[in-house]
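Here is what each chain is made of, one letter per residue.
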Amino acid sequence: MLRSRAVSVTGSPVLEAVGVGYRYTPAGTGVLRDVSLTLHAGEVLGVVGPNGAGKSTLLRVLAGLVAPTSGDVRVMDERIGDIPRAHLARRVAYVPQRERVPAGLTVEEVVSLGRAPHTGWFGVLSSRDRDAVREAMRRCEVDALARRPIETLSGGEQKRCFVARALAQETPALILDEPVAHLDVEHQFALCDLLAQGARERSLAVLVVLHDLNLAAQYCDRLLALERARPARPEPVRDVIEPGRVREVFHVDCVTGTRPDGGGAWFVPVRILPPR
């Protein structure tokens, strides 16, 4: 079932970035400059943009994996740099674009790693932890693969396992970098439905990078369109999925419209524009 996107965002702020910038070297050109956003409980905020625009870098900054070279990031109104790593892992779960597959572990063991922030020093799973793991596997449709070594799975199946691990973490904020990569069309929709349902029913704050603008238009409440080293703020979906804006950000001509069932905008690329 496709989600009806929210008209407005009213949940409490969970994750905030103010004027965030990032340079790989002090003298280098910044990949991010003056990016600001507020991610609310119950919201799906999509991040879109061409390759090299800094989408993955932004997510790593927001997940606390690297410090911004300018600006500030706050999680639940506390500076991210002041939050101990163990405490941050109870607030933000992160699924990277690429991940080393932990050979020798079963799917269930990989998903169980999501409970590490809750299990203490000895890592012993309680009945509550095991229930969270089983529910996350069920929701991501990998419960039938629980005993399989994860390295024997397809790329799409592995991706669903990593999302299940993040869901098992049970954090207020979920950050995902291209979670539908390697998934077939059915599972792309299933995963986006799952994220939207989590936002709607559990007030989960979801920040997700999507390359498919049609998925972004259907499932996201707002979009952050990134262009390398240019200021960016979240915008209404219809303002981004619009021919002029698509030309500006992605350098392609396109046809867009509004779905008759009220499900949002749609996008069809037509041609690459001549070099600038």
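In this text, all values refer to a predicted model and were calculated from it rather than measured experimentally.

Asks: I'm lost on the overall build of the protein in this one. Help?
Replies: Helices and strands together make up the secondary structure of the protein, namely ten helices and twelve strands. Here the protein has a C-alpha radius of gyration of 19 Å; the compact-globule value for 276 residues is 19 Å, and the two agree. When the backbone C-alpha atoms are referred to their principal axes, the protein occupies close to 55 × 45 × 35 Å. In the protein, which comprises 276 residues, the proportion classed as buried is 51%. Looking at the protein alone, contacts between residues at least 24 apart form 67% of all its contacts between residues at least 6 apart. Per element, the accessible surface of the protein, about 13,200 Å² overall, is 53% carbon and sulfur.

Asks: Explain the environment of Arg-130 here, please?
Replies: Turning to its location among the elements, Arg-130 is positioned in helix α5 (residues 127–139). Along the sequence, Arg-130 and Ser-112 sit 18 residues apart, while their C-alpha atoms lie 7.7 Å from each other.

Asks: Sorry, what's going on with the packing of aromatic side chains here?
Replies: The relative placement of two aromatic rings is captured by the distance of their centres and the angle of their planes. Within this structure, the stated rule accounts for two aromatic pairs. Ring geometry for Tyr-22 versus Tyr-24: centroids 5.3 Å apart, planes at 85°, classification edge-to-face. Take Tyr-22: its relative accessible area is 13%, and that puts it in the buried class. Using a relative accessible area of 54% as the deciding quantity, one classes Tyr-24 as exposed. A centroid spacing of 6.4 Å and a plane angle of 65° characterise the contact between Phe-189 and Tyr-219, whose relative ring orientation is edge-to-face.

Asks: Explain the nonpolar core here, please?
Replies: In globular proteins that are soluble, nonpolar side chains generally tend to be buried together. Ranked by size, the top nonpolar core spans 54 residues in total, and within it Val-107, Val-111, Val-142, Leu-174, Leu-176, Leu-223 and Ile-241 carry the most contacts. If we ignore the near neighbours within four places in the chain, the residues touching Leu-176 are Leu-59, Val-95, Val-163, Leu-195, Val-206, Leu-207, Val-208 and Val-209. Membership of the second largest hydrophobic core comes to 35 residues, among which are Val-14, Val-31, Ala-173 and Leu-224.

Asks: Explain the sheet that holds strand β5 (residues 78–79) to me, please; I cannot follow it from the model alone.
Replies: Whenever strands of a sheet pair, they do so through backbone hydrogen bonds, lying parallel or antiparallel. Spatial ordering of the open sheet is given by β2-β1-β4-β5, a layout of four strands whose pairing is antiparallel. In this open sheet, the two edge strands, each paired with only one partner strand, are β2 (30–40) and β5. Here strand β4 (residues 70–75) pairs with β5 via two bridges, running antiparallel. Across the sheet, the residue bridging to Val-75 is Glu-78, located in β5. Running at roughly 55° to β2, helix α1 (residues 55–62) makes contact with β1 (13–23), β2 and β4 of the sheet.

Asks: Please explain the pairing of strand β3 (residues 44–48) as it appears in this structure.
Replies: The side chains of a regular strand alternate, residue by residue, between the two faces of the sheet. Of all five residues in β3, five are buried, a share of seventy percent or more. Burial along β3 is two-sided: Val-44, Gly-46 and Val-48 and Leu-45 and Val-47, pointing in opposite directions, are all buried. Here β3 runs beside strand β9 (residues 222–225); their pairing, made up of four bridges, is parallel. By the bridge assignment, Val-48 is partnered in β9 with Ala-225.

Asks: Looking at this structure, I do not really get the packing of α5 against helix α6 (residues 155–168). What am I missing?
Replies: Each pair of packed helices can be described by the angle between their axes along with the distance between the axes. As a packed pair, α5 and α6 sit with axes 8 Å apart at the nearest point and diverge in direction by 140°. Considering their axes alone, α5 and α6 lie oblique with respect to each other. Here the hand of the crossing between α5 and α6 comes out right-handed. Residues Ala-132, Val-133, Ala-136 and Met-137 of α5 lie in contact with α6, whose contacting residues are Ala-164, Leu-167 and Ala-168. When grouped by side-chain class, the residues that make up the contact of α5 with α6 number seven nonpolar, no polar and no charged.

Asks: Help me understand the sheet that holds strand β10 (residues 235–236), please; the structure alone is not making it clear to me.
Replies: As summarised here, the arrangement of the six strands in space is β6-β7-β8-β3-β9-β10, forming an open sheet in which the pairing is mixed. Every interior strand has two partners, whereas the edge strands, β6 (92–95) and β10, have only one. Sheet topology note: the β3/strand β8 (residues 205–209) ladder contains four bridges and is parallel. Each bridged residue has a counterpart across the sheet, and for Val-47 the counterpart in β8 is Val-209. α6 contacts β6 and β7 (173–177) of the sheet and is inclined by roughly 175° relative to β6.

Asks: I tried to follow the pattern of salt bridges on my own but got confused; where do I start?
Replies: Think of it this way: side chains of opposite charge can pair up when their charged atoms draw near. This model, assessed by the stated rule, comprises 22 salt bridges. Asp-72 is paired through a salt bridge with Arg-79; the nearest N and O atoms lie 3.2 Å apart. A relative accessible area of 22% means that Asp-72 is categorised as partly exposed. A salt bridge links Asp-82 to Arg-79, with the nearest nitrogen and oxygen atoms 3.4 Å apart. Asp-82 sits in the partly exposed class, given a relative accessible area of 49%. Here Arg-79 falls in the partly exposed class, since its relative accessible area comes to 38%. Salt bridges sharing partners connect three or more residues here, namely Asp-72, Arg-74, Asp-77, Arg-79 and Asp-82.

What counts as what
- Residues numbered from 1 in each chain as written.
- Predicted model: local features only at pLDDT ≥ 70, side-chain atom pairs only at ≥ 80, totals over all residues.
- Heavy atoms only, no water.
- Helix = DSSP H or I, 4+ residues; strand = E, 2+ residues; numbered from the N terminus.
- Rg over C-alpha atoms; globule rule 2.2 N^0.38 Å.
- Buried < 20%, exposed > 50% of the residue type's maximum accessible area, 1.4 Å probe, protein only.
- Contact = heavy atoms within 4.5 Å.
- Areas by Shrake-Rupley, 256 points an atom, 1.4 Å probe, with all protein chains shown as cover.
- Phe/Tyr/Trp six-rings, centres within 6.5 Å; stacked < 30°, edge-to-face > 60°.
- Core = buried A, V, L, I, M, F, W, Y, C linked by side-chain atoms within 4.5 Å.
- Pairing = 2+ DSSP bridges.
- Axes fitted to C-alpha atoms, helices over the stretch in contact; angles between N-to-C directions.
- Parallel < 35°, antiparallel > 145°, perpendicular 65-115°, else oblique.
- Left-handed = near helix turned anticlockwise from the far one by under 90°.
- Nonpolar A, V, L, I, M, F, W, Y, C, P; charged D, E, K, R; others polar.
- Salt bridge = Lys/Arg side-chain N within 4 Å of Asp/Glu carboxyl O.

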